[in-house]
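Structure at a glance
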Amino acid sequence: MPQRIAIVGAGTIGPDIGYYLKSAIPDLTLVLVDVAPAALERAVARIEGYVEKGLARRKLTEQQAVQVRRNLVTTQDYAAMAECDWVLEAATENLELKRKIFRDIEAVVRPDALITSNTSSLPASRLFGDLTHKQRTTVTHFFAPAFRNPAVEVVDWEHGDPEVLDYLRWLFCTTGKVPLVTADALCFMLDRVFDNWCNEAGHLLDRASASEVDSVAADYVHAGPFFVLNLARGNPIIVETNTLQMEEGAHYRPAPIFGSVDVWKTTAPGERVTVTPDTETAVRDRLLGILFSQTVDILDRDIGSPADLNLGCRLALGFKQGPLDLMRSLGDAEVGRILERFARERPGMPTAARDLAAYRECRRVVLVDGLDGVKVLTIRRPQALNALDDEVTDELLGVIRQFEHDPAVRGFVVVGYGPRAFCAGADIGRFPEMLGSLNDCVQYSRDCSRLLVHLDRMTKPVVAALNGMALGGGVELALRCRGIVATRDAWLQFPEVTLGIAPGIGGMVVPYRRWPQAASVFHDMLRLGRKLDATRAHALGVIDALVDPQDDLIASAVSRVGELADTASSAADLDGPVEIPAPPELDDGAFGKRPLSREVIGIIDRAVAAAAKADGLEAALEIGYAAFGATACTEAAREGVTAFLEKRRPDFARTG
Ligand code: COA
């Protein structure tokens, strides 16, 4: 971790980045540098405002607040950067000014100090071309608000050292950001989408008003282009960045109206004006046209990966669906029609060079890396703490099937993206549509099991690397892997009972069959939602190895794959019935402050007992699927799931 970071430029984004860094990196000294003392004062006040808000909303502890306030240095003197490990430039978007700043920075910092720019549009080759030690430079482009928006573009450029790129990716990921790697193109990846989306909205003003455009856009984004432009005071930025992109052709010309309007008269998110059907179609086709045109161009030119583009549009730009998801849901015929119309109306704009399927079909949520003959599969759904949905299940299964018979592959590691979660369980967003239907729910569990049943029967080992919390389906996934390694601060929990449901894909079956000696611990987890921390799980034999948080979890998981490579699959061990103690009676005191549903606990108890006695794993699993279905048809389930989605505490006293 860096010990001392300087940010040059104390405007808006500089202090926002500073607040993120200070809250994410303990004991960091942050040096804010600006030519204007007033800007520095405002920056410190801004950071203090965030601290106070964080404390009031309990997002920040007192101790974190002390950490953020401590070691915050402001200066006009570049000499204060001498000992910095990283200098991040966040000054005005002006090439000559930035180049001068970088020369001045290089004159004072160590040759190995990182130097990065927060530019949204200017390529690294232009910014750093005349520096002596170019290899430690690149672009790290944040999105507003930088302390909360997880996306950061990290630019892979000609003279940048690949190790610097890897280090920055690791650093951002470890501190809760989602780094997205882009090529050194004008405006990189996401601003090509955003600027052209806004610019197209400007060009559309000859057909519709700003509020009409924003109303149509509301189907695709949380806030329409004109609303966002008002928020960011972005009109001059569109003129600047689209003028820059005109190096690639006159079709990127900024809409002239951006030069003469200060604030747009438009509707706020959630409000819509009525739009006639003709206007609506014309606006929709053009907005989707520019989105798809940029998408195919970015992918054809390898500016970013499909998965990063798809995720980045959601995280950074507030799209409701990634462009590739949108292409998939609209279908090739409709996307083809939109692109053809767009090509007619906006000649020169990029168009698809390949079959549309080649763009939309890609792995979206599982990243695949290789290490010492082991495939490392990372579940990346940072917006839902890596919760499991069909896409995650299918992609994990797809990669495993692709490589399990490859002699060059020794086995697999499954890990969650980021510092917090291995996997937060099944995606609760899908539950409301099936609650109440016994058949749907039982079938849902059976379907969700397809990956886990495959794991049971695999010859090559799969090791779960628990990098944080493993909840519900995340625990069920880990327990079906041949081995588990975890960081010391990881933990496992079945929170289902707090939602009024039961863990349906093996949670009531497999732990008892694999570790019957820990039955009473599993009883408490299933019936009361108790957490099992990694140290205790290790002592119980559930986790094979523990790793200190600063050590390399993946390396440990890979070496565990090596140890397990010659052992047999665990499916056979799980087939026989097991003897387990009956769970204790629960008095009201067992629940603490929050009563749970006795009806749901009763269903869990009966399923656990019946599954333990069942002959054969498959029969035992079926008991679990059926019990999940039974809980999902209770009033408690409706209350628990609704309460989670409404972000309130469930009231099981009312439902029983
Ligand atoms: N399914 C869908 N979304 C999930 C999820 C899940 N299992 N777990 C977390 N998320 C989402 C949250 O809804 C939230 O989305 P939002 O930012 O759009 O509101 C995001 O992930 C971050 O989670 P949040 O709840 O804001 O973080 P937190 O630190 O306050 O709480 C948890 C973390 C894990 C305690 C809480 O998210 C939780 O209870 N999740 C449900 C876990 C669960 O019951 N899993 C078993 C399902 S059967």
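What counts and how
Residues numbered from 1 in each chain as written. Predicted model: local features only at pLDDT ≥ 70, side-chain atom pairs only at ≥ 80, totals over all residues. Heavy atoms only, no water. Helix = DSSP H or I, 4+ residues; strand = E, 2+ residues; numbered from the N terminus. Rg over C-alpha atoms; globule rule 2.2 N^0.38 Å. Contact = heavy atoms within 4.5 Å. Areas by Shrake-Rupley, 256 points an atom, 1.4 Å probe, with all protein chains shown as cover. Lys, Arg positive; Asp, Glu negative; His and termini not counted. Charge placed at Lys NZ, Arg CZ, Asp CG, Glu CD. Near = heavy atom within 4 Å. Polar contact = N/O pair within 3.5 Å; in protein donor to acceptor, adjacent residues only side chain to side chain. Nonpolar A, V, L, I, M, F, W, Y, C, P; charged D, E, K, R; others polar. Buried < 20%, exposed > 50% of the residue type's maximum accessible area, 1.4 Å probe, protein only. Pairing = 2+ DSSP bridges. Right-handed = clockwise from strand over helix to strand, strands pointing away. Domains from an automatic or database assignment. Salt bridge = Lys/Arg side-chain N within 4 Å of Asp/Glu carboxyl O. Axes fitted to C-alpha atoms, helices over the stretch in contact; angles between N-to-C directions.

Looking only at helices and strands, the chain features 28 helices and 18 strands. For 656 residues, the compact-globule formula gives about 26 Å, and the C-alpha radius of gyration of the chain, at 27 Å, lands near that figure. Principal-axis analysis of the C-alpha atoms gives the chain an extent of 75 × 60 × 55 Å. Taking the contacts inside the chain whose residues are at least 6 apart along the sequence as the reference set, 75% of them involve residues at least 24 apart. Surface accessibility of the chain: about 26900 Å² in total, with carbon and sulfur atoms responsible for 51%. Once the 72 positive and 90 negative side-chain charges of the chain are each reduced to a mean point, those two points are 3 Å apart.

For the rest of this paragraph, the subject is the site of the ligand. Close contacts around the ligand come from 17 residues, with Arg420, Ala424, Ala426, Ile428 and Lys647 the closest. Between the ligand and the protein, one listed contact pairs an oxygen atom with a side-chain N or O atom of Arg420 at 2.6 Å. The separation between a nitrogen atom of the ligand and a polar main-chain atom of Ala426 is 2.9 Å. A total of 860 Å² of accessible area belongs to the ligand in isolation, and the protein chains cover 64% of it. For the shell around the ligand, the secondary structure elements donating two or more residues are strand E14 (469-471) and helix H20 (496-499). Classifying every residue of the shell around the ligand by side-chain character gives 12 nonpolar, 1 polar and 4 charged.

It is worth spelling out the pairing of strand E11 (residues 411-416) at this point. Taken across its 6 residues, E11 has 6 buried, putting it largely inside the fold. Side chains Gly411, Val413 and Val415 project from E11 onto one buried face, and the interleaved Phe412, Val414 and Gly416 project onto a second face that is buried too. Relative to E11, strand E10 (residues 374-379) runs parallel, the two being bridged by 6 bridges. Considered in E11, the bridge of Thr378 is made with Val415. In the classification by handedness, the crossover that spans E10, the intervening helix H16 (residues 390-403) and the parallel E11 is right-handed. Strand direction decides the pairing type here: E11 and strand E13 (residues 462-466), joined by 4 bridges, are parallel. Among the inter-strand pairings, Phe412 is bridged to a residue of E13, identified as Val462.

On to the domain arrangement of the chain. By domain assignment, the chain separates into domain 1 (4-157), domain 2 (190-360) and domain 3 (366-645). The centre of domain 1, based on its C-alpha atoms, is set 30 Å off from the matching centre of domain 2. Contact residues are listed per partner, giving 11 residues for domain 1 and 9 residues for domain 2. The interface formed by domain 1 and domain 2 holds 1 salt bridge in total. Put simply, Glu247 and Arg126 hold a salt bridge, and the shortest N to O gap is 2.8 Å. At the boundary of domain 1 with domain 2, the tally comes to 3 residue pairs in polar contact (both at pLDDT 80 or more). The residue inventory of the side of domain 1 that touches domain 2, partitioned by class, reads 4 nonpolar, 4 polar and 3 charged.

Right, let's get into the environment of Ala223. Assignment of secondary structure puts Ala223 in the loop between helix H8 (210-217) and helix H9 (225-232). A relative accessible area of 21% places Ala223 in the partly exposed class. When the C-alpha positions of Ala223 and Val641 are compared, they lie 27 Å apart, and in sequence the two are 418 residues distant. Excluding residues within four positions of it along the chain, Ala223 makes contact with Val228 and Pro269.

Once that is clear, we can look at the sheet that holds strand E9 (residues 366-371). Reading across the sheet, the 6 strands line up as E9-E10-E11-E13-E15-E18 and stay open at both edges, with mixed pairing between neighbours. Each having just a single partner strand, E9 and strand E18 (545-547) make up the two edges of the open sheet. Taking the axes of each pair of neighbouring strands and ignoring which way they run, one obtains an average angle of 20 degrees across the sheet.

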